[in-house]
Amino acid sequence: MRAQPVTAIMGALTAIGVLFASGCASGGNDDGSLPRADIRLYGTDGNMANSFGDALKDSPAVLNGMKGTTPLTPLSDDFKRRVKVVDPTLTDFNYSGESYDAVVIAALAAETGKSVEPAVIAKQIIGVTTGDNTCDSVATCLTAAKSGKDFKYRGISMRSSGFTSVGEPSAAMYGVLNFGTSNKIDDAKTEFVGAGDQTKEDKTAPPAATTPNTKGGAKPALKYGLLLPKTGALAFQGPPMFAGAKLAIKEINEAGGVLGQPVQVVEGDDGTNPEVAKATAAQFIAQGVGVIIGAGASGVSAAVIPQVVQAGRIMISPSATSDSLTKVDDKGLFFRTSPPDNLQAKAVADIIMRDGHTKVAIIARDDSYGSGLAEGVKADLTAAGIRPENILVKKYEAKDKYEKSEGPALFDPIAKDIKSFGATGILVVGFDEGAMAIRSLVTSGVKA
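What you see is a predicted model; the values in this text were computed from it and never measured. (Residues numbered from 1 in each chain as written. Predicted model: local features only at pLDDT ≥ 70, side-chain atom pairs only at ≥ 80, totals over all residues. Heavy atoms only, no water.)

Colleague: With reference to specific residues and values, describe the overall build of the chain.
Modeller: Of regular secondary structure, the chain possesses 13 helices and 14 strands. Long-range pairs, those at least 24 residues apart, make up 73% of the contacts in the chain between residues at least 6 apart in sequence. Roughly 17,300 Å² of accessible area belongs to the chain as shown, and the carbon and sulfur atoms make up 52% of that amount. (Helix = DSSP H or I, 4+ residues; strand = E, 2+ residues; numbered from the N terminus. Contact = heavy atoms within 4.5 Å. Areas by Shrake-Rupley, 256 points an atom, 1.4 Å probe, with all protein chains shown as cover.)

Colleague: Break down the environment of Ala-374 for me, citing the residues and quoting the values.
Modeller: Looking at the secondary structure, you find Ala-374 in helix H11 (residues 368-383). Look at Ala-374 and you get buried, because its relative accessible area is 0%. Spatially, the C-alpha atoms of Ala-374 and Lys-394 are 9.2 Å apart, while their sequence positions differ by 20 residues. (Buried < 20%, exposed > 50% of the residue type's maximum accessible area, 1.4 Å probe, protein only.)

Colleague: An account of the sheet that holds strand E11 (residues 334-336) is needed here, citing residue identities and associated values.
Modeller: In space, the 5 strands of this open sheet follow the order E8-E7-E9-E10-E11, with parallel pairing throughout. Single-partner strands in this sheet number two, and they are strand E8 (264-269) and E11. This sheet shows a mean twist of 20° between the axes of neighbouring strands, independent of strand direction. One ladder, built from 3 bridges, connects strand E9 (residues 291-294) with strand E10 (residues 314-317); its direction is parallel. Residue pairing across strands places Val-291 opposite Ile-314, the latter belonging to E10. Taken strand by strand, helix H7 (residues 238-254) contacts strand E7 (223-228) and E8, and its axis lies near 170° from that of E7. (Pairing = 2+ DSSP bridges. Axes fitted to C-alpha atoms, helices over the stretch in contact; angles between N-to-C directions.)

Structure representation (structure tokens):
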């Protein structure tokens, strides 16, 4: 199912169709190529954030008009207020809702299954998102779970549908974001587009709850570990994820906790690095963590899943979107509240096509996230009518950390190829290193 057209988007995009309009004239350059003023940048969830613009603060207008997608349901002012109480320094809210929902869903599954054992929780997780009676708050849903009533959780990001049989959203909303002046997201131009298929919800009834064992006193507490990026290429995306997760912990405990006990949480860093994440996960497992929220990046998540599965723990990522994770061998212990990239690819391709591009370049990091999304967008653009020879995909080495000094060597050759190719639409699929790619596009004269 393609991303659903949103008429309002066209009005917004038309309004900003004068992107780089100063100096824009009809016709092309002497060599037949379009003038630089007609080049438009696009992004995806790895870079469509205010914090991404901070890396380009010395070029305050360079992102003006760049647009792209991120999994994003319209967030209420009340939710934003509550999250900012947890972290007043937040500049955006990317994946805060998905992180909040990941924590809440695990708590509801534990309460429904009457156990904090990961194996029991895992078997209840899909069911708490696909019941028949909607509840949309922590307190209401926990009350239903405690009383054994049927319910389906519809929280912050999980608004339109529940999980599929492999534990990921069957449908999702994407925010179409636009950078304005000073390299900041212009919230007034944000629109929303839906993608996916709600009929793919798994309505299979979960197993009956276990009989509580009251011998020996109260049940042990449900313990979470936050395996999210504090350092590395996704560090700029970490704050809203941590804040969303910690808000959920707070509100679960204010509603009475799980099985009569306050839930507990330990924080860790995934480093946007498989080895850092594995070390943190090992610490969590040793500390008795039953549910790990993370990791942030798809490649990091893929590296940690075998370790978590071997330990018999649950892992729920709020932001790992690679399609490859849909078929990962997880023994039913890995879930995600973020939708797979095949849905985002359709949304991105739809935006590019609506702008009328017939020649597109894609710059992507060469890992499961970047390569998968780049190839998905290419396939959708081709299906929409752009000839394959008019789509250029340039991949760069995926690293945990990039030094500014290596930017020209890494991205200048790519920018040169794109200039020769003559693309009018350029999609950047990556993390904070994408700022270096954009610098190279400017240096090479691709973009004004």
